[in-house]
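One letter stands for each residue in the lines below.
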Amino acid sequence: MKSDLFDGLRGSTPILISTIPFAALYGAVAVANGQTVAEATLMSAIVFAGASQLVGIELFGHDVPMWVIVLSIFAVNFRHILYSAAIAPFIRHFSPLQKALSFFFLTDPQFAETLTRGETGRSVSFAWYFGFAATIYVGWVATTTIGAYFGSMIGNPAAIGIDVLLPIYFMGLVLGFRRRANFLPVVAVSAAVSIVAYRMVGTPWHVSIGALAGVALAALLPPKVAAPRATEARAEAGE
């Protein structure tokens, strides 16, 4: 159990480094939209949702009805329903409490690493899952506090280009699946539908609509099955 825990802690360290700018960005944006340092830190601690926090805090700063804010955050977080379904086979052995904690800690990198670990036959223990999540969680909350504290010094995040970090981060996650079967057509359709939805429906619903289009296409396309090793061996021998 200890080895799994330390394996998770070590594995998420690079992720922690990459999330630090986003947490600092959120802290700065939260303060710019009227939150105190304590409020920004508390939101990161109890919501822990990255992009959804940025969407929510931007809407909080405007005269927007509460139901619009709730639906907007739901639209951004809709992908977590798909994430939960994808990793469910690998965490069936978790207790109900462990599953509840797992879904609270379910972030984009947590999903990607859990899916990769499970599909390659490695054990997805709760100790590993918690260790991987704990590093990111503690770092996210702590860096939010730092970003919020120095937010007044940063001013407008867009002025120094910090606002581009989030789309770059998501692009990196997507490219991590580039070797999957049907990757290019699924990504192309998802992107195209998302762009159309952005023009016709608006943000943030285009995120979920594009994702659903990609999922639908992936379900319709036949999976590419690798040839059995015996067949490959015969082909190489010229039989």
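Residues numbered from 1 in each chain as written. Predicted model: local features only at pLDDT ≥ 70, side-chain atom pairs only at ≥ 80, totals over all residues. Heavy atoms only, no water.

A. The overall build of the chain, seen in detail. Within the chain, the regular secondary structure consists of 14 helices and 0 strands. Listing the helices and strands of the chain from first to last along the sequence gives α-α-α-α-α-α-α-α-α-α-α-α-α-α. Counting the 239 residues in the chain, one finds 37% classified as buried. Contacts in the chain between residues at least 24 apart in sequence constitute 72% of all its contacts with a sequence separation of at least 6. Carbon and sulfur atoms make up 70% of the accessible area of the chain, which amounts to about 13,600 Å² in all. (Helix = DSSP H or I, 4+ residues; strand = E, 2+ residues; numbered from the N terminus. Buried < 20%, exposed > 50% of the residue type's maximum accessible area, 1.4 Å probe, protein only. Contact = heavy atoms within 4.5 Å. Areas by Shrake-Rupley, 256 points an atom, 1.4 Å probe, with all protein chains shown as cover.)

B. Spotlight on the packing of aromatic side chains. By the definition in use, this model includes 14 aromatic pairs. Each ring, one from Tyr149 and one from Phe150, has its centre 5.0 Å from the other, and the planes form 85 degrees; the classification is edge-to-face. On the basis of relative accessible area, Tyr149 is assigned to the exposed category, the value being 56%. Taken together, the ring pairs connect Phe48, Phe94, Phe104, Phe105, Phe126, Trp128, Tyr129, Phe130, Phe132 and Tyr137 into an aromatic cluster. (Phe/Tyr/Trp six-rings, centres within 6.5 Å; stacked < 30°, edge-to-face > 60°.)

C. Structural context of a nonpolar patch on the surface. Judged by side-chain polarity, Val196, Met200, Val201 and Ile209 come together as a nonpolar surface patch covering roughly 380 Å² of accessible area. Here Ile209 shows up in helix H13 (residues 205-220). Here Ile209 falls in the partly exposed class, since its relative accessible area comes to 32%. (Patch = residues over 30% accessible without salt bridge, like charges linked within 9 Å, V, L, I, M, F, W, Y side chains within 5 Å. Salt bridge = Lys/Arg side-chain N within 4 Å of Asp/Glu carboxyl O.)

D. Representation of the pattern of salt bridges in the model. On inspection of all chains with the given rule, the structure shows 2 salt bridges. For the salt bridge of Arg10 with Asp7, the shortest nitrogen-to-oxygen distance reads 3.9 Å. You can see Arg10 and its partner Asp7 sitting in helix H1 (residues 2-11), 3 residues apart, about one turn around the helix. Take Arg10: its relative accessible area is 55%, and that puts it in the exposed class. As a salt-bridge pair, Asp7 and Arg117 come within 3.2 Å of each other at their nearest N and O atoms. Of this pair, Asp7 sits in helix H1 while Arg117 sits in helix H8 (residues 108-119), placing them 110 residues apart in sequence. With a relative accessible area of 28%, Asp7 lands in the partly exposed category. When its relative accessible area of 6% is taken as the criterion, Arg117 is described as buried. Look at the salt bridges and you will find they share partners, linking Asp7, Arg10 and Arg117 into a network.

E. View of the environment of Ser72. One can find Ser72 in helix H5 (residues 66-77). Assessed through its relative accessible area of 5%, Ser72 is described here as buried. Measuring from C-alpha to C-alpha, the distance between Ser72 and Gly56 comes to 7.7 Å, with 16 residues separating the pair along the chain.

F. Region of interest: the confidence of the model for the chain. Overall, the predicted model of the chain reaches an average pLDDT of 80, with 79% of residues at or above 70. Taken together, the stretch residues 226-239 has pLDDT below 50 and engages in 2 contacts with residues farther than four places along the chain or on a different chain. (pLDDT = per-residue confidence, 0-100.)

G. Layout of the packing of helix H3 (residues 37-46) against helix H9 (residues 126-149). Two elements in contact, H3 and H9, have axes whose closest approach is 9 Å; the angle formed by their N-to-C orientations is 160 degrees. One way to sum up the angle between H3 and H9 is to call them roughly antiparallel. Crossing angle aside, the handedness with which H3 passes H9 is right-handed. The residues of H9 that touch H3, namely those facing Val37, Ala40, Thr41, Ser44 and Ala45, are Tyr137, Trp140, Val141, Thr144, Thr145, Ala148 and Tyr149. In terms of residue class, the contact of H3 with H9 is built from 8 nonpolar, 4 polar and no charged. (Axes fitted to C-alpha atoms, helices over the stretch in contact; angles between N-to-C directions. Parallel < 35°, antiparallel > 145°, perpendicular 65-115°, else oblique. Left-handed = near helix turned anticlockwise from the far one by under 90°. Nonpolar A, V, L, I, M, F, W, Y, C, P; charged D, E, K, R; others polar.)

H. Quick peek at unusual backbone geometry. In the Ramachandran plot, Phe48 falls in the positive-phi region, its phi being about 50 degrees despite a non-glycine side chain. Assignment of secondary structure puts Phe48 in the loop between H3 and helix H4 (51-60).

I. Here's a closer look at the nonpolar core. Of all hydrophobic cores here, the largest spans 19 residues; its most connected members are Ile87, Phe94, Leu106, Phe111 and Tyr129. Among the elements of the structure, helix H2 (13-32), helix H6 (79-87), H8 and H9 are those that each provide at least two residues to this core. It is H9 that provides the largest number of residues to this core, a total of 7 residues. If sequence neighbours within four positions are ignored, Tyr129 has contacts with Ile87, Phe94, Ser102, Phe105, Leu106, Gln110 and Thr114. (Core = buried A, V, L, I, M, F, W, Y, C linked by side-chain atoms within 4.5 Å.)

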